[in-house]
Each structure stands twice: as C-alpha cells, then as structure tokens.
Amino acid sequence: PPTNPGALSAAAPNHKLEEDQEEEEEFDYLTTPFASLPPTLQNEIYTAESQTPSAQNRLQRILLYVALAVLGASIAFFNAFLENLRYGEGSPSSDLAAYGFEWVEGNGISDFLFLTKVGGAL
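Parameters and conventions
- Residues numbered from 1 in each chain as written.
- Predicted model: local features only at pLDDT ≥ 70, side-chain atom pairs only at ≥ 80, totals over all residues.
- Heavy atoms only, no water.
- Axes fitted to C-alpha atoms, helices over the stretch in contact; angles between N-to-C directions.
- Helix = DSSP H or I, 4+ residues; strand = E, 2+ residues; numbered from the N terminus.
- Parallel < 35°, antiparallel > 145°, perpendicular 65-115°, else oblique.
- Contact = heavy atoms within 4.5 Å.
- Patch = residues over 30% accessible without salt bridge, like charges linked within 9 Å, V, L, I, M, F, W, Y side chains within 5 Å.
- Areas by Shrake-Rupley, 256 points an atom, 1.4 Å probe, with all protein chains shown as cover.
- Salt bridge = Lys/Arg side-chain N within 4 Å of Asp/Glu carboxyl O.
- Buried < 20%, exposed > 50% of the residue type's maximum accessible area, 1.4 Å probe, protein only.
- Lys, Arg positive; Asp, Glu negative; His and termini not counted.
- Charge placed at Lys NZ, Arg CZ, Asp CG, Glu CD.
- Core = buried A, V, L, I, M, F, W, Y, C linked by side-chain atoms within 4.5 Å.
- Expected span 1.5 Å × (residues − 1).
- Arc of directions from axis to C-beta.

1. Examining the packing of helix 5 (residues 58-87) against helix 7 (residues 108-115)
The geometry of helix 5 relative to helix 7 is characterised by a closest axis approach of 8 Å and an angle of 85° between their N-to-C directions. By the criterion of interaxial angle, the relationship of helix 5 to helix 7 is roughly perpendicular. The residues of helix 7 that touch helix 5, namely those facing Ile 75, Phe 78, Asn 79, Leu 82 and Arg 86, are Leu 113, Phe 114 and Leu 115.

2. A few points about a nonpolar patch on the surface
A surface patch of nonpolar side chains, about 430 Å² in accessible area, is lined by Leu 64, Tyr 65, Leu 68 and Leu 71. By the secondary structure assignment, Leu 64 is in helix 5.

3. Observations regarding the pattern of salt bridges
Taken as a whole, this structure holds 1 salt bridge when the rule is applied. Here Arg 58 and Glu 49 are joined by a salt bridge, their closest N and O atoms 2.6 Å apart. By relative accessible area, which is 34% here, Arg 58 ends up partly exposed.

4. Points about a negative patch on the surface
On the surface, a cluster of negative charge is contributed by Asp 95, Glu 102, Glu 105 and Asp 111. With respect to the helices and strands, the residue Glu 102 is situated in helix 6 (residues 102-106).

5. A few points about the environment of Leu 115
Relative to the assigned elements, Leu 115 resides in helix 7. Among the residues examined, Leu 115 registers a relative accessible area of 15% and is labelled buried. Separated by 39 residues in the primary sequence, Leu 115 and Ala 76 have C-alpha atoms spaced 10.0 Å apart. Discounting chain neighbours no more than four positions away, the residues touching Leu 115 are Asn 79, Leu 82, Arg 86, Leu 96, Val 104, Glu 105 and Ser 110.

6. Some thoughts on the nonpolar core
Counting residues in hydrophobic clusters, the biggest one holds 8 residues: Ile 75, Leu 82, Leu 85, Leu 96, Phe 101, Val 104, Phe 114 and Leu 115. When residues of this core are traced back to their parent elements, those giving at least two are helix 5 and helix 7. Residue contributions to this core peak at 3 residues, all from helix 5.

7. What to know about helix 5
Side chains of residues three or four places apart in an α-helix project in the same direction, reflecting 3.6 residues per turn. Taking 1.5 Å of rise per residue, 30 residues should cover 44 Å, and helix 5 covers 43 Å from first to last C-alpha, within 8% of that figure. Listed as buried for helix 5 are Gly 72, Ile 75, Asn 79, Leu 82, Leu 85 and Arg 86.

8. A word on helix 7
Along helix 7, the residues classified as buried are Ser 110, Phe 114 and Leu 115. Down the axis of helix 7, the sector holding all buried residues measures 90°, keeping them to one side. Pointing more than 90 degrees away from the buried face of helix 7 are the exposed residues Gly 108 and Ile 109.

Here you go:
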C-alpha cells in the first residue's frame, strides 16, 4: 500500500479507466460480432452475408418499416388532434364540419382511423 496520499488519489482514476475499458470490451461483440477473428476472415464472412437474398432486400425492408412507422405516428397524432378539437376544453362544437374536417366523418375508413381509439392505435 502506498504511504503517500497523493499516490493513492493518482492511482484511483487509472483503476476506474481500466474498469471502463473492460466494460466496453464486454459489449464489443454487439457492434463487431467477429472481432476475435482475423480481419481477412471477417471480410469473407461479411461478403458472404451480403450476397444472401435477405441482405439484398434489406434496405427496401428498412425503408418500408420506417415509412409505416411514420404513417402510423402521423395517424395517431392526427387522431389525438381531432379528439382534442371535438371534446377538448373550450371546444364550441363536437361537429368536425364546423372546423372544416367534414371529410373525416363522411368516409368509413377515415372515420375509423381518425375518430376511434383502435384506429389511432394502429
């Protein structure tokens, strides 16, 4: 044990840095699952994986999922907006035609999507 108090405080931060590095190394496999393999073998694995049918269409699937998520969030927010417009505090009318949204109530699909809880949740 060091007898100099300054030496103890100087050693503590280094010990903390080592612990942080060890924790980071524990999770390296999440970002680079083949880190323990040689680089040439890693390249072969990534090249082989990129030629599979599922890898060929990955970008299209991701874009479709993002578009669906944005569409769903937009429907949910519009549903909440109309709900607040109809039944919110200080709302003079629950008729959407008074606000220029008569097209919502006139169509079965838009009525379901924008005026029901289930439609807003989809």
